[in-house]
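So the chains spell out like this:
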Amino acid sequence: MHIEEAPTIHDATARGFATRSESGISGIAFGYRLSQLKSPPSITDCSSVTLRHADRDVHIDQFVVQADGVFTGTISDFRPGTSEYRGMKIGDSIRFREQHVFAGIV
């Protein structure tokens, strides 16, 4: 019999992820695909976003905004590259706020 483990959900605030001092989308570096230029962009327009923790960029895909305004997404990569970082693994879920986002691909 195989017992599946519950998915791990991390919290960016509790884990001490960096936050931007600017509110709203000000200060976010957006990367654009030329066919999808939009002004002004928002985080919900992004296909992926980047959070920061100490010396690592943490890339997040497949994210959605919850009713409380907090986003939940899947960790897809760490830069510099590794498959695990401080107890977080690629494929784990993470909750984060807009202030945690430093970059996004639109």
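Anything mentioned here points back to the structure above.
A. Just the sheet that holds strand β8 (residues 93-96), in detail. With respect to topology, 7 strands assemble into an open sheet ordered β1-β8-β5-β4-β3-β9-β2, the strand pairing being mixed. Each end of this open sheet is capped by a strand with a single partner; those strands are β1 (9-11) and β2 (29-31). Recorded for the sheet is a direction-independent mean angle of 35° between the axes of neighbouring strands. Relative to strand β9 (residues 101-105), strand β3 (residues 48-53) runs antiparallel, the two being bridged by 4 bridges. Bridging across to β9, Val 49 finds its partner in Gly 104.

B. Representation of unusual backbone geometry within the structure. For the peptide bond that leads from Arg 79 to Pro 80, omega is 0°, which places it in the cis range. Examined against the element boundaries, Pro 80 turns out to sit in the loop between β5 (71-79) and β6 (84-85). The phi dihedral of Ala 54 is positive, around 50°, even though this residue is not glycine. If you trace the backbone, Ala 54 turns up in the loop between β3 and β4 (56-65).

C. The pairing of β5, seen in detail. As paired strands, β4 and β5 are joined by 7 bridges and run antiparallel to one another. For Asp 57, the partnering residue across the bridge sits in β5 and is Arg 79. The hairpin formed by β4 and β5 contains 5 residues between the paired strands, and Gly 69 there has a positive phi angle of roughly 85°. Direction of pairing for β5 relative to β8: antiparallel, over a ladder of 4 bridges. The partner of Thr 74 across the bridge, within β8, is Ser 93.

Reading the values: rules and limits
- Residues numbered from 1 in each chain as written.
- Predicted model: local features only at pLDDT ≥ 70, side-chain atom pairs only at ≥ 80, totals over all residues.
- Heavy atoms only, no water.
- Pairing = 2+ DSSP bridges.
- Helix = DSSP H or I, 4+ residues; strand = E, 2+ residues; numbered from the N terminus.
- Axes fitted to C-alpha atoms, helices over the stretch in contact; angles between N-to-C directions.

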